[in-house]
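What follows is the residue order along each chain.
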Number of protein chains: 2
Amino acid sequence: MISEKMKELVAGSSVIRAMFEEGRLMAKKYGAENVYDFSLGNPNTPPPSTITENILDILSTENSIHGYMNNSGHESTRSAIAKSIGSDLTYNNIVMTVGAAGGLNVILKTILNPDEEVIVFAPFFSEYRHYVSNFNGKLIIIKPDTNSFMPNFAELKQAINKNTKAVIINTPNNPTGVVYSKDTLTKLATILEQKQAEFNSSIYLISDEPYREIVYDNYEVPNVLDFYANTFIAYSYSKSLSLPGERIGYICVSAKMNYASEILSGLNVANRILGFVNAPSLFQKLVEKYVGTPAEIMLYKNNRDILYKHLVELGFDITYPAGAFYLFPKALIEDDVQFCNKAKEFNILLVPGSAFCCKGYFRLAYCVGETTVKNSLDAFTKLAKYYNKPTR
Amino acid sequence: MISEKMKELVAGSSVIRAMFEEGRLMAKKYGAENVYDFSLGNPNTPPPSTITENILDILSTENSIHGYMNNSGHESTRSAIAKSIGSDLTYNNIVMTVGAAGGLNVILKTILNPDEEVIVFAPFFSEYRHYVSNFNGKLIIIKPDTNSFMPNFAELKQAINKNTKAVIINTPNNPTGVVYSKDTLTKLATILEQKQAEFNSSIYLISDEPYREIVYDNYEVPNVLDFYANTFIAYSYSKSLSLPGERIGYICVSAKMNYASEILSGLNVANRILGFVNAPSLFQKLVEKYVGTPAEIMLYKNNRDILYKHLVELGFDITYPAGAFYLFPKALIEDDVQFCNKAKEFNILLVPGSAFCCKGYFRLAYCVGETTVKNSLDAFTKLAKYYNKPTR
């Protein structure tokens, strides 16, 4: 019989994943072109066209490419990544991981004692809840500021105590698409530094950055390492190179972090004993070839522009999304779950804001083909009409 | 600062991995040909020569090969594997995992409540300790039967109680190379069934089988599923296809398992929330092409024969190893750690039996090139001479 904790998890399961499976069934029933599946962050932009030739190149030139290496990954890959992030970093600051999901688990395994607290800002990627629970940590949720979807600093100050071990941020953000500015990061760092001094503790900032390169309108995403010493970056190539199924990412540890060398040893051990052992070898070498290559974002930008314009015209209330590939509009009724169920009747698959701890909103993942976006517009119009929403 | 639990782990770290790193340093210093590194199970047999063409074939024919799929893996891959194991299995019984290490963690996450007990037979792969600890389980170690290195059934009967959730076996075995016979598995199953009835509980048998195909002398490895209903198999392609760095394996759930559908949902969720998300996509499709292909074992067999003969001639006491690629001889002195340190002076890298909870023995991983084996023979002779061991 499965464990008590797991029973709850299976019962709750992932709303997003359930939607993904439902989308597949609906596509079979109605035809893929008639289902507007905005439920999952499965990038529709194909990987770079050079991927196949680069894989071939690695297979023909690298010796024992499929063998074990150091649990932290290939040194050449880690060096290339370190160099691309900051001049004070070496391969020692980088641990290759099974995506950012693997990286976050490795970080939390390394730092968390039971019942220590990890703070997140709602709305947040719901998996954080499980990652913290995996290591018997306590998740502390800061209520959303629905005006801006920026961190609620007043609440943050009150939430930090001597048991606070980490704060997770995610910018560009899933599900809102907002990007934290330099000013926001400066304020955040100031609070964390004050609280570290007040409690004589180390409070780690974990910056989950799978969308770092997915940003529009020439918006600049600040480097979090420049703001706060005790910072981890958890990165994934899932979105920037459209390789989510291959599970490749890394952890970067700030050169200025307290206890950095102890932490790095811990990450290495955690990567091993959690059963990852190491990030997939071939794909480590592959991403090494793409360090510094800009992500292909034109499809996403185009989708965002079409959908944002259309939904605003239909009267939806949406915070302007500068990055990632999500819109997070206010639902047209209070009950976001009911709203998403209604949308399903128009063949539109959305994820309720409740899944991100933010009731009354919904997430729309626009990392889909342009045709899906264009074909969906009528369905959104009908959905809005159903709720008697007058067109602006 | 890292967690208390992790501090201990970093301090203890992995003896095997430490030896791996030391081997690399020694190879740099003395030249690779003068260091006899028998420390790590990093297969020296190259992967099948068809791997590159098969990867190319997948890249050129499969659509969105790098995208997300169901957390349990590609259905086509799971179907092919299910069919190869048993006629009563379907893709539903298979969950693709990040190697067997990932699989074991996913199984334990799914079934273990805090303080429930997991039984292992010494000597055992030391990572089991950490995998059980990851989910706050309690590891119960059955003392070794050094005459045969078969399970000590008398002790097993006494160890099982109402808190026993699982028993891990590993056949062909790391570190001893022994293979459990049908008779052994029948006895084991009988005990587990009796104890399930006695305690009105489900006791799961977890069969860790990365070496299933690595077996010599036409020895047949029985299918554990045929003996006991509540069985999980954790399999890895690391050894059979020499792909340890790519992290690809699977869990197979017996069709006769109690609560099978609940368990399978749990495995799917655990795979996701532990941060694996799914096994690497390209390598799932790749192993699908090798289902049923026999492993390339001639190099290993040859190495085993040369080393076994030589060490027995030198007076070492060794249980005949029918499978895997390990010898587990008795050390020439009581202190196995001291013995392995002495071996290092002859440029031989071994792992002390203590690392497997079996003092007085050592593990020799012979998954190395034949040249290493042949060049090492003199060094072993000198080592035996150092201890005044008369040649037989």
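So, here is what we can say about the structure in this document. (Residues numbered from 1 in each chain as written. Chains lettered and ligands numbered in written order. Predicted model: local features only at pLDDT ≥ 70, side-chain atom pairs only at ≥ 80, totals over all residues. Heavy atoms only, no water.)

### So, the overall build of chain A
- A count of helical and extended segments in chain A gives 13 helices and 12 strands.
- Projecting the C-alpha coordinates of chain A onto the three principal axes gives extents of approximately 60 × 55 × 50 Å.
- Expressed as a percentage of the 392 residues in chain A, the buried residues total 62%.
- Taking as baseline every contact in chain A between residues at least 6 positions apart, the subset at least 24 positions apart corresponds to 75%.
- Surface summary for chain A: the accessible area is close to 14500 Å², and the carbon and sulfur share equals 49%.
- Averaging the coordinates of the 38 positive side-chain charges in chain A and doing the same for the 39 negative ones gives two points 3 Å apart. (Helix = DSSP H or I, 4+ residues; strand = E, 2+ residues; numbered from the N terminus. Buried < 20%, exposed > 50% of the residue type's maximum accessible area, 1.4 Å probe, protein only. Contact = heavy atoms within 4.5 Å. Areas by Shrake-Rupley, 256 points an atom, 1.4 Å probe, with all protein chains shown as cover. Lys, Arg positive; Asp, Glu negative; His and termini not counted. Charge placed at Lys NZ, Arg CZ, Asp CG, Glu CD.)

### Focus on the interface of chain B and chain A
- Across the contact, 75 residues belong to chain B and 75 residues belong to chain A.
- The junction of chain B with chain A conceals about 5900 Å² of combined surface from both sides, 55% of it contributed by carbon and sulfur atoms.
- Linking chain B with chain A are 4 salt bridges.
- Note that Arg 24 of chain A is salt-bridged to Glu 75 of chain B, the shortest N-O span being 3.6 Å.
- Counting the contacts that link chain B with chain A gives 32 residue pairs in polar contact (both at pLDDT 80 or more).
- For the side of chain B that touches chain A, the secondary structure elements donating two or more residues are helix H1 (4–12), helix H2 (15–30), helix H3 (51–61), helix H5 (99–111), helix H6 (127–134), helix H9 (260–273) and helix H10 (281–288) of chain B.
- In terms of residues, the side of chain B that touches chain A owes the most to one element, H9 of chain B, which gives 8 residues. (Buried area = accessible area lost by both parts, 1.4 Å probe. Salt bridge = Lys/Arg side-chain N within 4 Å of Asp/Glu carboxyl O. Polar contact = N/O pair within 3.5 Å; in protein donor to acceptor, adjacent residues only side chain to side chain.)

### With respect to the sheet that holds strand E3 (residues 117–121) of chain A
All names here are of chain A.
- Strand order in the open sheet made by the 7 strands is E2-E8-E7-E6-E5-E3-E4, with mixed pairing throughout. Pairing within the sheet leaves two strands with one partner each, and these edge strands are strand E2 (94–97) and strand E4 (138–142). Taken pair by pair, the neighbouring strands of this sheet meet at an average axis angle of 20°, ignoring direction.
- Pairing between strand E5 (residues 164–169) and strand E6 (residues 204–208): 4 bridges, direction parallel. Looking across to E6, one finds that Ala 166 is bridged to Tyr 204.
- Against the sheet, helix H4 (residues 75–85) makes contact with E2 and strand E8 (249–253), and its axis sits at roughly 120° relative to E2, the strand it touches most. (Pairing = 2+ DSSP bridges. Axes fitted to C-alpha atoms, helices over the stretch in contact; angles between N-to-C directions.)

### Focus on the nonpolar core
- By size, the foremost hydrophobic cluster in this structure holds 85 residues, and its most contacted members are Ile 206, Phe 232 and Leu 267 of chain A together with Ile 111, Ile 206, Phe 232 and Leu 267 of chain B.
- For Ile 111 of chain B, the residues in contact, after removing those within four places along its chain, are Met 1, Ile 2 and Ser 3 of chain A together with Glu 116, Lys 165, Ala 166, Tyr 204, Ile 206, Phe 232 and Ile 263 of chain B. (Core = buried A, V, L, I, M, F, W, Y, C linked by side-chain atoms within 4.5 Å.)

### A short note on the packing of aromatic side chains
- Counted under the stated rule, the structure contains 45 aromatic pairs over all chains.
- Relative to Phe 356 of chain A, the ring of Phe 328 of chain A has its centre 6.1 Å away and its plane inclined at 90°; by these criteria the two rings are edge-to-face. Residue Phe 328 of chain A is located in the loop between strand E9 (326–327) and helix H12 (336–345), and its partner Phe 356 of chain A is located in the loop between strand E11 (351–352) and strand E12 (362–365); the two are separated by 28 residues in the primary sequence. Of the two residues, Phe 328 of chain A and Phe 356 of chain A, both sit in the buried class.
- Measuring from ring centre to ring centre gives 5.8 Å for Phe 38 of chain B and Phe 380 of chain B, while their planes differ by 40°; the resulting arrangement is tilted. Of the two residues, Phe 38 of chain B is situated in the loop between strand E1 (36–37) and H3 and Phe 380 of chain B in helix H13 (residues 370–386); the sequence distance between them amounts to 342 residues. We note that Phe 38 of chain B, like Phe 380 of chain B, is buried.
- Ring pairs connect the aromatic residues Phe 316, Phe 339, Phe 346, Phe 362, Tyr 386 and Tyr 387 of chain A, which therefore count as one cluster. (Phe/Tyr/Trp six-rings, centres within 6.5 Å; stacked < 30°, edge-to-face > 60°.)

### Remarks on the environment of Leu 299 of chain B
Residues and elements named next belong to chain B.
- You can see Leu 299 is positioned in helix H11 (residues 298–313).
- With 71 residues separating them along the chain, Leu 299 and Glu 370 place their C-alpha atoms 7.2 Å apart.
- The residues contacting Leu 299, other than those within four sequence positions of it, are Asn 44, Thr 45, Val 368 and Glu 370.

Purely spatial values, then, with no claim about function.
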